[in-house]
Amino acid sequence: MTLQAIGRPFVFDLLHNVVCASTGRCTCKQRELPRRVLDGSGRPTVRYETRLVPKSVTLLVGKPQDVQVAVVRIPRVQRAIARGRLASV
Ligand SMILES: [Zn+2]
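Keep in mind it's a predicted model, so treat the numbers as computed, not measured.

Overview of the overall build of the protein chain
Regarding its fold elements, the protein chain presents two helices and seven strands. When its helices and strands are written in sequence order, the protein chain yields β-β-α-β-β-β-β-α-β. In terms of overall size, the protein chain is more extended than a compact globule, its C-alpha atoms giving a radius of gyration of 17 Å where 89 residues would be expected to give roughly 12 Å. When burial is assessed residue by residue, the protein chain has 10% of its 89 residues classed as buried. Within the protein chain, contacts between residues at least 6 apart in sequence are counted, and of these 70% link residues at least 24 apart.

A closer look at the nonpolar core
L3, A5, L14, V19, L59, V71, I74, V77 and L86 together form the largest nonpolar core, which totals nine residues. Discounting chain neighbours no more than four positions away, the residues touching V71 are V19 and V77.

Structural notes on the sheet that holds strand β6 (residues 65-66)
Pairing is antiparallel across the open sheet formed by three strands, whose spatial order is β6-β1-β7. The outermost strands of the open sheet, each flanked by one partner alone, are β6 and β7 (86-88). The sheet contact formed by strand β1 (residues 2-5) and β6 spans two bridges and is antiparallel. Across the sheet, the residue bridging to T2 is D66, located in β6.

Some words on the environment of F12
In this fold, F12 is placed in strand β2 (residues 10-13). Sequence separation of F12 and K55 is 43 residues, and the distance between their C-alpha atoms is 8.6 Å. Those residues within four positions of F12 in sequence are excluded, and the remaining contacts are S56, V57, I74, R76 and V77.

A few points about the environment of V19
With respect to the helices, strands and loops of the structure, V19 is situated in helix α1 (residues 16-23). With 24 C-beta atoms counted inside 10 Å, the residue V19 sits in the buried group. Each C-alpha atom, one on V19 and one on R43, is 38 Å from the other, the two residues being 24 residues apart in sequence. For V19, the residues in contact, after removing those within four places along its chain, are L14, Q68, A70 and V71.

Quick notes on the pairing of strand β3 (residues 29-38)
Counting buried positions along β3 yields zero of 10 residues, so the element is predominantly exposed. The sheet contact formed by β3 and strand β4 (residues 44-53) spans 10 bridges and is antiparallel. Looking at β4, one finds that V37 is bridged to T45. The antiparallel hairpin formed by β3 and β4 contains five residues in its connecting segment, where G42 sits at a positive phi of about 85°.

Conventions and cut-offs
Every chain's residues receive numbers from 1 upward, in the order its sequence appears when written. For a predicted model such as this one, the threshold for reporting local features is a pLDDT of at least 70, and the threshold for listing and counting side-chain atom pairs is 80 or more; totals across whole chains, interfaces and linings nevertheless cover every residue. Helix and strand definitions follow DSSP, with helices as H or I runs of at least four residues and strands as E runs of at least two, each counted in order from the N terminus. Throughout, the radius of gyration refers to the C-alpha atoms, and the reference size of a globule is 2.2 Å times the residue count to the power 0.38. Our exposure labels follow a C-beta count within 10 Å of each residue's own C-beta, placed from the backbone: buried means 20 or more other C-beta atoms, exposed means 12 or fewer, and partly exposed covers the counts in between. C-beta atoms are first placed from the backbone for all residues, and any pair lying within 7 Å is then listed as a contact. Put simply, a nonpolar core is buried Ala, Val, Leu, Ile, Met, Phe, Trp, Tyr and Cys residues tied into one set by C-beta atoms within 7 Å. Two strands qualify as a pair provided that DSSP identifies no fewer than 2 bridges between them.

Structure below.
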């Protein structure tokens, strides 16, 4: 399907549990992200863990862009379509 931003550019994330799950192809990046945890003696420390970071997509005004069909199941995209911030063309 093809979406286009209305008025100003629209940025959203290709949510893993929505888009990757439905296409069966993960486009996320694995990133080492810091997380604050308490060590054995209760002191705060930073531990790095691998997490999936979804790819983000920018839709430009006046530039229709093809996106996966599953994108319309992303809540932010649904709201944007309902509010007229995005149009499917
Ligand atoms: Zn993914």
